[in-house]
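Structure at a glance
Listed here are the chains, written in short residue letters.
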Amino acid sequence: MHRPIAVFDAGIGSYAVVAEIRSRLPQQDIIYFADRASFPYGGKNRAELIGVMRRTIEYLAGFDPSAIVIASNAPSIMVLEELSQDIHLPLFGVYPPLREAWGLSRSGRVGIMGVQSLVESPMISEFVAENSAYSERVALINASPMVELVESGEFLFAPERTQEAVDAFLTEVFAKYPDIDVLTLSSTHLPWLRRFFEHARPQCHFLDPAKDMVSRIGQGTKGQGRIRALVTEDERYDLATFRKMLSAIGVDIPLEPVRPY
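Residues numbered from 1 in each chain as written. Predicted model: local features only at pLDDT ≥ 70, side-chain atom pairs only at ≥ 80, totals over all residues. Heavy atoms only, no water.

**Quick look at the domain arrangement of the protein chain**
- Each assigned domain of the protein chain is listed here: domain 1 (5-94 + 212-257) and domain 2 (98-207).
- Here domain 1 and domain 2 have C-alpha centroids that lie 22 Å from each other.
- Taken together, the contacts link 28 residues of domain 1 with 22 residues of domain 2.
- Between domain 1 and domain 2 lies a buried interface of about 1900 Å² when both sides are counted; carbon and sulfur atoms form 72% of it.
- The three residues of domain 1 that bury the most area against domain 2 are F39, N73 and I77, which together make up 28% of that side's buried surface.
- One can count one salt bridge joining domain 1 with domain 2. (Domains from an automatic or database assignment. Contact = heavy atoms within 4.5 Å. Buried area = accessible area lost by both parts, 1.4 Å probe. Salt bridge = Lys/Arg side-chain N within 4 Å of Asp/Glu carboxyl O.)

**A short note on the environment of G103**
- Its location among the elements puts G103 in helix 5 (residues 98-104).
- Separated by 91 residues in the primary sequence, G103 and R194 have C-alpha atoms spaced 20 Å apart. (Helix = DSSP H or I, 4+ residues; strand = E, 2+ residues; numbered from the N terminus.)

**A short note on the packing of aromatic side chains**
- What the rule picks out here adds up to eight aromatic pairs.
- A cation sits over an aromatic face here: R201 above F174, 3.8 Å from the ring centre.
- Positioned above the aromatic ring of F157 is the side chain of K244, whose terminal nitrogen or guanidinium carbon lies 4.6 Å from the ring centre. (Phe/Tyr/Trp six-rings, centres within 6.5 Å; stacked < 30°, edge-to-face > 60°. Lys NZ or Arg CZ within 6 Å of the ring centre and 35° of its normal.)

**A closer look at the sheet that holds strand 6 (residues 138-142)**
- Here four strands make up an open sheet; going across it, the order is 6-5-7-8 and the pairing parallel. Only two strands of the sheet have a single partner each, and these edge strands are strand 6 and strand 8 (205-207). Averaged over neighbouring strand pairs, the angle between their axes works out to 25° when direction is ignored.
- Two strands pair when backbone bridges link them, and strand 5 (residues 110-114) and strand 6 are joined in this way by five bridges, in the parallel orientation. When the bridges of strand 6 are listed, M113 appears paired with I141.
- Docked against the sheet, helix 7 (residues 122-130) engages strand 5 and strand 6, running at close to 150° with respect to strand 6. (Pairing = 2+ DSSP bridges. Axes fitted to C-alpha atoms, helices over the stretch in contact; angles between N-to-C directions.)

**Observations regarding the environment of P90**
- Along the polypeptide, P90 turns up in the loop between helix 4 (80-84) and strand 4 (91-93).
- Classification of P90 as partly exposed rests on a relative accessible area of 40%.
- In the structure, P90 is positioned 166 residues away from E256 in sequence and 25 Å away in space, judged by C-alpha atoms.
- Other than its neighbours up to four places away in sequence, P90 contacts S66, A67 and I68. (Buried < 20%, exposed > 50% of the residue type's maximum accessible area, 1.4 Å probe, protein only.)

**Some points on the sheet that holds strand 10 (residues 255-257)**
- With parallel pairing, the six strands of this open sheet are ordered in space as 4-3-1-2-9-10. A single partner strand is all that each edge strand has here, and the edge strands are strand 4 and strand 10. If you compare each strand with its neighbour and ignore which way they point, the axes differ by 20° on average.
- For strand 1 (residues 5-9) and strand 2 (residues 30-35), the ladder comprises five bridges, and the chain directions are parallel. Each residue of the ladder has a partner; that of V7, found in strand 2, is Y32.
- In the packing of helix 1 (residues 15-24) onto the sheet, the strands contacted are strand 1, strand 2, strand 3 (67-70) and strand 9 (227-232), and the crossing angle to strand 2 comes to about 170°.

**A short note on helix 8 (residues 144-151)**
- Among the residues of helix 8, M146, V147, L149, V150 and E151 are the ones counted as buried.
- Buried residues in helix 8 make contact with helix 9 (154-157), helix 10 (159-176), helix 11 (194-200) and helix 13 (239-248).
- Positive backbone phi, at 90°, marks G153, one or two positions downstream of helix 8.

Here it is in structure tokens:
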């Protein structure tokens, strides 16, 4: 592979970013690292996240990447700035498309859906304040139960139960925040549930940040358009289920199991 872009997350969430890179830069070689043994990032505190990110980036640096994409909102918001100070590789993160949300909102009330560690962190409050003149009108919503529906494969293998869970979740959200009309899908797992969200709340906009993130990569480094997929597993999230999940979304790429580190 020629100077691949390495993309990683704690599971299937980051494949949407891989697909977007492949669509925009068809000759770009890509390392896709699904670190399922580290799922969920959202259950880790800042110190734990920094440890996982450093180990992962050190591992991926061995593939001579031209850039590394942390395809997860929580570490992008919480630790990417610190990591960038002593890692001499281009690092890209994924961020809530808050300005786009304001541009679409008619009610003047928007929400950021993310994992627990993200929405409870002081860093997301700082991000909101920097990107909004009305931070008090931005709801921070813990969507960790929705993320589990994706990584477990339930959204593919039990769509009716998934819709019921999404319906119940959004009923609670809008009971608390009835005026919201735009929600950002600020975990890379959440866009896989977009059709379920839109079915439950068709009058609301749900924003996927992947395209905005990939546009920041630039022209990349031309190769042969290959994808090399590396996967960790544990007793909760095994390789066979992951392979079945990719097949269900029409993705047929060889998976290389690697040991959790």
